[in-house]
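Report on the structure
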Amino acid sequence: MKIIIAGDGEVGVHLAKSLSELDYDITVVDPHDELLKRLESETDLLTIVGDATSPTVLRDAGVADCDLFLAVLHHESVNLMSCLLAKKLKAKKTVARITNAELLAPRNREMMREMGVDEMVCPERIAAKEITNLLANSVATEFFDFSDGLLTMYVIRLEDGSPVVGHAVKDLAQTYRDLQVKVVALLRGGETIIPHGDTVFHAGDLAYIIGHAGQVDNINRVAGKKAFSIRRVMMAGGGRIGRYAAQNLQDSMHVTLIEEDRARAEELSASLSDTLVINGDATNIELLKEEGLERADAFISVTNSSETNVLTCLHAKRLGVRRTIALVENTGFITISQDIGIDTIINKKLITASYIARFIVKGDAVSSKWLSGTNAEVLELKVGKWSPATRKPIGQLDMPVGATIGGITRGRETMLPSRELQLKQGDRVVVFTMPKVMATVARLFD
Amino acid sequence: MTHNKNIDSYRLTIILWLVATLLGAVPYFVTGAVPGITDAVFESVSGFTTTGSSVVADPAALPAWLRLWRAATQWVGGLGLVLFAVAMIPRLRNASSQLYAAEFSGTQQRKLHPHMARNVSRMWMVYTLLTLGLTAALASCGNDMLDSLCLALSTVSTGGFLTTASGMASYNQATLDVITVFMFASGINLALIYNFLTLHWRRLRRSDEFIVYAVVFALAVAVCSVAFGLNGTPWSQSIRYSLFHIASTMSTCGFYTEAPARWPFVASVITFLLILSGAMAGSTGGGIKLRRLMTINLYLRNYFTRMLHPAAVLSIKIDRKVVEPDYVNKIFGFVFLYILFIIGGAFVLTITGSSVAEAFCLAAANISNLGPSPIINSLGANFEYALLPDAAKWTLAVLMLAGRLEIFALLAIVSPSYWRRQ
Amino acid sequence: MKSADIKGMLRYLGIVLVAEGSLMALCLVPALHFADGTVDAIGVCSMLTLAIGALLWISYARYRSIDDRRLSYLLVVLMWVVLNLFATLPLMATGATTSFTLGWFEAMSGLTATGATVFATVEALPASVLLWRSMTQWLGGFGIVLLVLALSPHLGINRYSLYTAEASGADNTGRRPVSMAQTVRRTLGVYLSLTAVFIGALWLSGLQLWDAVNLTFTNISSGGFSLSSSSISLLTPTQQFILAGAMLLSGINFTLLYLVFTLRWRQIGHKLEQVGFYLSLCLLAAAFVVGGLHWHHHLPWAEAARLGTIQTISALTTTGSVVDDTTLWWTPLTFLLLILSVCGGMAGSTSGGLKAMRVLILIRNARGILRSRLHPNAVAPLRLNGKPVSSHIRANVMVLFMVYGASLLLGAMALMLCGIGANEAVGASVGCLTGYGPGLGTSGGLGSYAAFSPSAMWVCSLLMLLGRLECMTVLILLLPRFWHR
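An account of the accompanying structure is given in this report. Fair warning: this is a prediction, and the values are worked out from it, not measured in the lab.

Here's the deal with the overall build of chain A
Within chain A, the secondary structure is distributed over 15 helices and 22 strands. For 446 residues, the compact-globule formula gives about 22 Å, and the C-alpha radius of gyration of chain A, at 22 Å, lands near that figure. With respect to the principal axes defined by its C-alpha atoms, chain A has extents near 65 × 65 × 40 Å. The burial tally for chain A puts 48% of its 446 residues in the buried class.

Structure (structure tokens):
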């Protein structure tokens with residue numbers, strides 16, 4: 001599969017790196033000479049220095065026989081333009097990164113498709129949606145829905161004193177009879193463990209649990225957490241993420257949004273009718289306190305500076321805010337930020353990459369999610385007609401090391417994997433997988 | 001003529017109004033329908049400004065053509081003399097957008113059509129259509145043709161000249177109901193009515209101002225009906241009367257029917273507040289206009305929020321559009337001047353012999369172009385405009401003009417920079 | 001709301017109560033001297049006030065700060081209410097007022113320096129009560145609440161904004177004071193020396209010391225209570241003019257007076273336009289009133305000039321001392337007096353009303369809008385004393401004007417609902433909101449509010465508080481949002 005990535009910065013580089021690990025043919029088009037040289041020396045791919053809106057450059061990159069053309073530059077209009085050109089130059093599928101969520105409205109999306117932009121990714125919009133989802137569940141560090149919400153993956157941090165700490169995974173089913181979940185992975189000290197029956201839970205583990213949507217109370221009980229409702233949210237940073245998130249949240253919660261730039265703040269107050277927009281510096285803790293930080297149930301920091309986000313979240317945590325979410329752009333910071341106590345980290349690059357991955361994974365990936373902290377991926381795959389998996393029960397499938405099945409949906413019914421279960425065509429399988437075996441997994445179910 | 005289009009349009013507006021009102025006074029004076037020049041001018045100004053305060057003791061006794069003339073002055077004044085002139089004189093069309101601003105100051109609304117002239121003709125179309133519709137409806141209720149036409153002209157323009165000495169009491173119930181509906185409609189922005197007639201109903205529902213108009217109307221009617229009902233008026237009568245009365249007050253039409261025997265005080269309070277508020281901006285009605293009051297209310301809300309959160313950045317939105325601070329300031333300035341005119345007018349009226357409360361009511365009712373109202377009648381058992389001294393009549397005439405021209409056009413001629421040579 | 005904040009509020013309440021209680025104890029002097037039989041009552045009241053105040057102060061002495069901004073607004077209003085509650089005590093205990101409503105009204109009228117009285121015959125009151133009435137005006141006119149708050153450095157909000165929230169100090173243009181303490185020291189110094197000077201002047205003009213003290217207290221504070229139901233109408237012309245001087249000065253910004261008294265002429269530039277506006281408005285209105293009295297009532301020039309000028313000053317500064325039975329005056333004259341009281345004196349003085357600075361901004365803003373209509377491209381910022389006034393301040397002045405107007409209108413309507421006639425309701429609403437005092441009809445001129453129904457009195461008390469705190473601080477407490485968020 002041949003993929004061309006037109007980028008001008010970190011998102012492109014990150015995508016290129018992670019995709020080339022999966023054995024795709026990657027060509028990167030980027031105007032920055034230095035960056036490309038470094039990238040080429042680190043990874044196995046082709047780089048072309050140039051402007052992605054130049055037909056000559058695109059032809060040179062071999063757009064005519066590429067399967068996927070990704071435009072992830074900063075400027076929306078450049079992305080759209082290069083997608084249009086790529087499509088005219090016979091690229092099979094084009095994906096553009098956009099910044100204006102308006103284009104995602106169904107009728108606009110249809111129009112864009114007719115013009116030649118097949119898919120559009122708005123990282124800010126996705127990040128905002130993720131924030132909204134996270135606040136809907138106050139306990140889980142992260143959680144994702146699969147199969148239209150029938151299956152959910154919860155990510156929960158096990159604290160000292162949580163009832164399961166010190167017990168093995170296999171004890172779980174015996175001690176808690178009504179608990180029907182599958183623990184697909186544990187993240188311990190930066191290392192991803194795919195648990196087997198004898199793996200023991202430690203305090204501080206981040207547990208990745210898949211179960212059907214009704215299991216949330218059981219999981220909370222087992223993990224020793226109490227759910228609380230989130231009614232007051234304070235958010236620092238009125239960029240696009242902040243704006244979209246406030247838009248989603250303002251109907252159900254009291255949202256206070258802090259933005260440093262006066263003109264931007266005025267724009268925000270004009271577009272967000274139920275959000276209280278405060279003009280001020282998010283690092284000014286006095287201001288945050290005055291605006292009721294201590295009374296907030298959640299604090300979300302999505303300013304342009306990762307350092308500010310991490311620090312203000314830490315401060316909020318110290319003042320007793322129960323839920324903190326920080327936007328961290330530097331992928332190197334993610335693990336350490338989680339270790340020092342910030343509940344959830346949002347990273348635009350990972351989000352974009354996850355979203356784009358669904359266009360790449362061969363077969364019918366319905367959705368996919370790149371997990372922050374571990375570089376593992378959770379895929380939702382549709383079992384194909386000729387798939388090897390329809391021939392043997394799960395116990396006898398040769399699942400590669402580093403991958404595990406988390407749950408199955410058949411029609412409206414959800415099942416947990418067992419050794420005897422036989423998959424059928426049309427089933428949807430949620431698979432937790434490390435990147436190096438992703439292609440193998442995809443092949444298994446196709 | 002200067003090179004400043006704005007000054008030119010104010011000049012033209014004022015000249016138009018002065019000439020029209022003076023010419024309009026001639027028929028009253030010549031026929032001897034009213035005793036003197038002051039009365040004739042008062043009647044004419046009251047007509048063109050759609051106020052409807054009248055010094056004619058028995059309108060039914062006037063000759064037919066004069067009755068029609070009286071009603072017609074209101075109809076022309078309803079949309080505005082300038083708009084009338086623009087529609088009549090093609091050469092004015094180039095300047096029409098400044099002219100429009102001079103007469104319809106400060107309503108900042110979406111135009112119906114990119115061309116002002118087209119815009120104006122659409123408004124005239126709606127206006128004419130409403131008038132014809134009402135005339136037909138009234139005629140079918142069993143009124144004679146002349147009466148129907150006069151009433152229709154007075155209603156649609158929210159003028160409110162009465163056709164008989166006894167108010168509306170001599171008309172049958174069907175007539176009153178039809179007029180209630182059209183009075184309510186006359187308080188609606190003409191552009192919205194155009195949208196309504198061309199089946200763009202969504203615009204109506206999306207207009208915040210219309211929703212406020214409808215809600216305030218409903219609430220006022222509810223409170224008044226209950227007040228009348230509790231005061232011993234039969235319920236059906238009190239509801240009917242409240243509907244008629246509130247529609248008449250909010251649209252600043254000023255018709256009144258025979259009031260229930262006991263007039264509760266709450267009704268007076270509501271009436272007075274509604275006189276000040278008036279109807280929707282862009283309608284033929286007078287008053288401060290709901291749109292402006294909504295803006296002030298939103299600003300006030302923001303003020304309180306700012307007291308609690310000094311760093312908060314807040315904006316005012318009406319119809320999903322942001323109202324610019326500069327525009328908000330203009331609204332504040334307008335309301336300030338409006339109140340100043342009421343106080344000043346009332347002050348002059350006390351010099352001519354009115355009591356303080358009476359002076360306020362008279363000033364408010366005439367600056368908002370309401371005209372006759374039960375609240376004025378309640379001041380004295382036999383209150384009549386004809387009995388006021390001449391000085392009071394001139395004061396009221398100025399107030400009516402100030403209200404109709406939304407103050408700024410009138411004030412422009414006393415501004416020094418207006419007279420300075422360009 | 002945190003309990004520490006509430007304890008902090010109680011501490012501040014304690015401080016003002018101690019201040020109030022000690023001044024109440026001063027009323028024992030006339031009680032003993034004139035032997036009016038109120039020594040016990042006054043003694044008990046002042047001891048009670050002192051004890052409760054001291055108890056609160058001492059037990060919560062540690063809680064100095066209030067972090068929540070909402071509580072600071074609540075505190076300002078609460079201080080007035082509590083002060084008023086205790087100010088009612090002497091009136092009730094001595095039997096001067098027969099019902100709590102009457103006492104509350106009279107105390108509120110005193111503390112807000114309004115001067116509306118419920119006593120038809122003031123002469124019948126015991127001396128201690130008379131002094132207490134004067135004292136409440138003297139205290140309230142200067143703004144005792146402001147005084148306490150201004151000197152407490154640990155409040156959670158900007159004290160300067162509180163300073164402007166509370167009426168007396170309001171002047172948000174011009175130079176900000178170096179420190180709150182300095183401002184308070186200066187204004188307090190001016191207030192005390194003015195009081196001393198006018199007591200002396202009245203005494204020299206032949207008035208008894210007792211009358212001189214009381215009249216100075218009530219007039220320098222723009223209050224308007226007096227020792228007889230004839231107000232100041234029976235004094236000699238000299239004495240009336242001395243009092244008019246006190247009133248006129250009480251309408252001028254105290255910092256400005258300080259600068260003038262200390263001969264720092266160069267610094268007064270930033271208030272020149274306000275003081276000019278105030279004095280010329282006074283002159284213009286006085287000319288009209290004098291003319292009206294001469295031509296309409298056929299008074300000789302000298303008498304017309306005396307009555308007209310003094311009554312105009314009394315109205316413009318919202319004092320409310322009365323030189324003649326104004327209810328008999330020509331209607332436009334009494335109407336004009338009401339309009340003047342709505343304008344009020346200068347910001348930073350003891351007078352009420354909208355204040356000269358605001359009226360000036362309102363007028364200039366309207367003029368600016370008119371100009372911008374004729375010349376849409378002209379750039380002409382609103383200026384005061386040559387300095388541009390920010391659009392923020394301009395808008396705040398506008399809002400206050402609207403709210404003030406709405407309060408007047410709704411107040412008048414509420415009074416009518418309580419059964420007061422239309423004219424009288426308008427008069428009482430203006431009189432109470434602006435702090436002028438006399439209204440129209442029975443409550444106007446030399447009359448009193450004694451005939452008002454209890455419900456009408458409560459409406460009036462609310463209007464007085466609203467006017468004294470310039471509406472917003474009280475109104476924000478009425479918002480449901482205030483208590484939720």
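From this point, the narrative continues.
Some words on unusual backbone geometry
Residues and elements named next belong to chain B. The backbone of T50 sits at a positive phi, close to 55°, despite the residue not being glycine. Looking at where T50 falls in the secondary structure, it is placed in the loop between α2 (37-48) and α3 (64-79). Residue classification places T50 among the buried residues on the basis of 34 C-beta atoms within 10 Å. The phi dihedral of D319 falls on the positive side, at around 55°, and the residue is not glycine.

Details of the interface of chain B and chain C
Each partner contributes residues to the interface: chain B has 33 residues there, and chain C has 34 residues. Broken down by secondary-structure element, the contributors of at least two residues to the side of chain B that touches chain C are α1 (5-31), α13 (265-277), α14 (290-308), α15 (325-351), α16 (356-367), α19 (408-412) and α20 (416-419) of chain B. Take the side of chain B that touches chain C: its biggest share by element is 13 residues, from α15(B).

Some remarks on the interface of chain B and chain A
At the junction of the two partners, chain B supplies eight residues and chain A supplies twelve residues. Pairing of strand β14 (residues 275-279) of chain A with strand β1 (residues 312-313) of chain B, which is carried by two bridges, proceeds in the antiparallel orientation. Across the sheet, residue A:I278 finds its bridge partner in β1(B), namely B:A312.

Side note on the packing of helix α12 (residues 235-250) of chain B against α13(B)
Residue and element names in this part refer to chain B. Look at α12 against α13: their axes get within 8 Å of each other, and the N-to-C directions meet at 30°. By the criterion of interaxial angle, the relationship of α12 to α13 is roughly parallel. Contact with α12, carried on its side by I246, T249 and M250, involves T271, L274 and I275 of α13 and no other residues of that element. Considered class by class, the residues forming the contact of α12 with α13 number four nonpolar, two polar and no charged.

Some points on the pairing of strand β13 (residues 254-259) of chain A
Residues and elements named next belong to chain A. With respect to burial, β13 is a largely interior element, six of its six residues being buried. Covered by surrounding structure in β13 are H254, T256 and I258 together with V255, L257 and E259, the residues of both alternating faces. Chirality of the crossover, the property in question, places the unit of strand β12 (residues 232-236), helix α9 (residues 240-249) and β13 among those that are right-handed. Sheet topology note: the β13/β14 ladder contains five bridges and is parallel. Looking across to β14, one finds that L257 is bridged to V277. Of the crossover connections in this fold, the one passing from β13 over helix α10 (residues 262-271) to the parallel β14 is right-handed.

Re the sheet that holds strand β7 (residues 142-146) of chain A
Residues and elements named next belong to chain A. Strand order in the open sheet made by the five strands is β7-β8-β11-β9-β10, with antiparallel pairing throughout. Either end of the sheet is taken by a strand with one partner, and the two such strands are β7 and β10 (191-193). Direction aside, neighbouring strands of the sheet carry axes that sit 20° apart on average. As paired elements, β7 and strand β8 (residues 151-157) share five bridges and run antiparallel to each other. Its bridge partner lying in β8, F143 is registered against Y154. Each of β8, β9 (181-188) and β11 (206-212) touches helix α8 (residues 216-223); the most contacted strand, β8, lies at about 20° to it.

Comments concerning the environment of A:V78
All names here are of chain A. Turning to its location among the elements, V78 is positioned in helix α4 (residues 76-88). For the pair V78 and R97, spaced 19 residues apart in the sequence, the C-alpha separation amounts to 9.6 Å. Ignoring any residue separated from it by four or fewer positions in sequence, one finds V78 in contact with A52, T53 and L73.

The rules behind each value
- Residues numbered from 1 in each chain as written.
- Chains lettered and ligands numbered in written order.
- Predicted model: local features only at pLDDT ≥ 70, side-chain atom pairs only at ≥ 80, totals over all residues.
- Helix = DSSP H or I, 4+ residues; strand = E, 2+ residues; numbered from the N terminus.
- Rg over C-alpha atoms; globule rule 2.2 N^0.38 Å.
- Buried ≥ 20, exposed ≤ 12 C-beta atoms within 10 Å, placed from the backbone.
- Contact = placed C-beta atoms within 7 Å.
- Pairing = 2+ DSSP bridges.
- Axes fitted to C-alpha atoms, helices over the stretch in contact; angles between N-to-C directions.
- Parallel < 35°, antiparallel > 145°, perpendicular 65-115°, else oblique.
- Nonpolar A, V, L, I, M, F, W, Y, C, P; charged D, E, K, R; others polar.
- Right-handed = clockwise from strand over helix to strand, strands pointing away.

Function cannot be read off these values alone, since they describe shape.
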